[in-house]
Amino acid sequence: MYATRTTQLIVGIFAILGIIALAILSLSLGKLTLLPKPGYTLYASFDNISGLKTGDQVQLAGVQVGKITQIELKDMRARVAMRVDDGVPIDKDAIASIKTSGIIGDKYVSIALGPSDLILKDGDTIRQTESAFVLEDAIGQLINNSGTSGDSKEKSSNSDKEQKPGKSEK
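The rules behind each value
- Residues numbered from 1 in each chain as written.
- Predicted model: local features only at pLDDT ≥ 70, side-chain atom pairs only at ≥ 80, totals over all residues.
- Heavy atoms only, no water.
- Helix = DSSP H or I, 4+ residues; strand = E, 2+ residues; numbered from the N terminus.
- Polar contact = N/O pair within 3.5 Å; in protein donor to acceptor, adjacent residues only side chain to side chain.
- Core = buried A, V, L, I, M, F, W, Y, C linked by side-chain atoms within 4.5 Å.
- Buried < 20%, exposed > 50% of the residue type's maximum accessible area, 1.4 Å probe, protein only.
- Contact = heavy atoms within 4.5 Å.
- Salt bridge = Lys/Arg side-chain N within 4 Å of Asp/Glu carboxyl O.
- Pairing = 2+ DSSP bridges.
- Patch = residues over 30% accessible without salt bridge, like charges linked within 9 Å, V, L, I, M, F, W, Y side chains within 5 Å.
- Areas by Shrake-Rupley, 256 points an atom, 1.4 Å probe, with all protein chains shown as cover.

Q: I'd like a rundown of the environment of Ser131, residues and numbers included.
A: Tracing the backbone through its elements, the reader meets Ser131 in the loop between strand S8 (128–130) and helix H2 (135–163). A polar atom in the side chain of Ser131 sits 3.0 Å from the backbone nitrogen of Asp47.

Laid out in structure tokens, this is it:
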């Protein structure tokens, strides 16, 4: 009726192995790491990060070279901390841009290298940045511009008529 000690030991070992396998699977599917890759931290300030979040990728030439580690508001701009892998040199004239993968995909920071020979160190800031393209803002500007373009033509033609009253009265 009762299980022997060896049976209990075997069941216990399988249960522990199952829990370990489940933990490893959870970490790999969640893209979490127990020990972060060695690297250094760079900062960049943006006017608008529109959907960028902690954990998103940092890419150089389309290859992932780091992750976003922190986002904060500093001097009314979004300050983004990026952890860049060791062995990836980023120069002083580099440009950090917020891009979108696909039409409605995830955001990431793309770094384009510049011509400088000076390499940024841990804690340095990328000075040249390009904020995220916000589709809603672009559509809003397009609608506002198309609605006001007809009004400006009418105003200019009315002002022309007012300047030349002699010809219109004849």
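We are not done yet, so read on.
Q: Please provide a residue-by-residue account of the nonpolar core, values included.
A: Most often, soluble globular proteins keep nonpolar side chains buried together rather than apart. The biggest cluster of nonpolar side chains holds 24 residues, and the ones touching the most others in it are Leu42, Met82, Ile90, Val109, Ile111 and Ile126. Of all elements in the fold, only strand S1 (39–46), strand S2 (57–60), strand S3 (63–74), strand S4 (77–85), strand S5 (95–100) and strand S6 (107–112) reach the threshold of two or more residues within this core.

Q: Tell me about the side chain of Lys107, and name the residues and values.
A: Relative to the helices and strands, Lys107 resides in strand S6. Within the structure, the side chain of Lys107 is placed 3.0 Å from the side chain of Thr100, a separation counted as a polar contact. Filtering out sequence-adjacent residues up to four positions away, Lys107 remains in contact with Ser50, Gly51, Leu52, Asp56, Ile98, Lys99, Thr100, Ala132 and Phe133.

Q: Give me the lowdown on the pattern of salt bridges, citing residues and values where you can.
A: This structure, assessed with the given rule, holds three salt bridges. Residue Asp56 is joined to Lys53 by a salt bridge in which the shortest nitrogen-to-oxygen separation is 3.4 Å. For Lys53, a relative accessible area of 43% translates into the label partly exposed.

Q: How would you summarise the sheet that holds S1 if you had to cite specific residues and measurements?
A: Taken together, eight strands build an open sheet; the order of strands is S7-S1-S4-S3-S2-S6-S5-S8 and the sheet is mixed. Of all the strands in the sheet, just strand S7 (125–126) and S8 have a single pairing partner and so form its edges.

Q: Let's hear about the pairing of S3: which residues, and what values?
A: Pairing of S2 with S3, which is carried by four bridges, proceeds in the antiparallel orientation. By the bridge assignment for S3, Gln57 is matched with Lys67. Note: S3 against S4, eight bridges, orientation antiparallel. Residue pairing for S4: Lys74 is matched across the bridge by Arg77. Here S3 hands over to S4 after two residues, with Asp75 in that stretch at a positive phi of 55 degrees.

Q: Requested: an account of a nonpolar patch on the surface, with residues and values cited.
A: Together, Leu9, Ile10, Ile13, Phe14, Ile16, Leu17, Ile20 and Ile24 make up an exposed nonpolar region whose accessible area comes to about 820 Å². Take Ile16: it is sitting in helix H1 (residues 5–29). With relative accessibility at 52%, the residue Ile16 sits in the exposed group.

Geometric descriptors of this kind do not, in isolation, establish any biological role.
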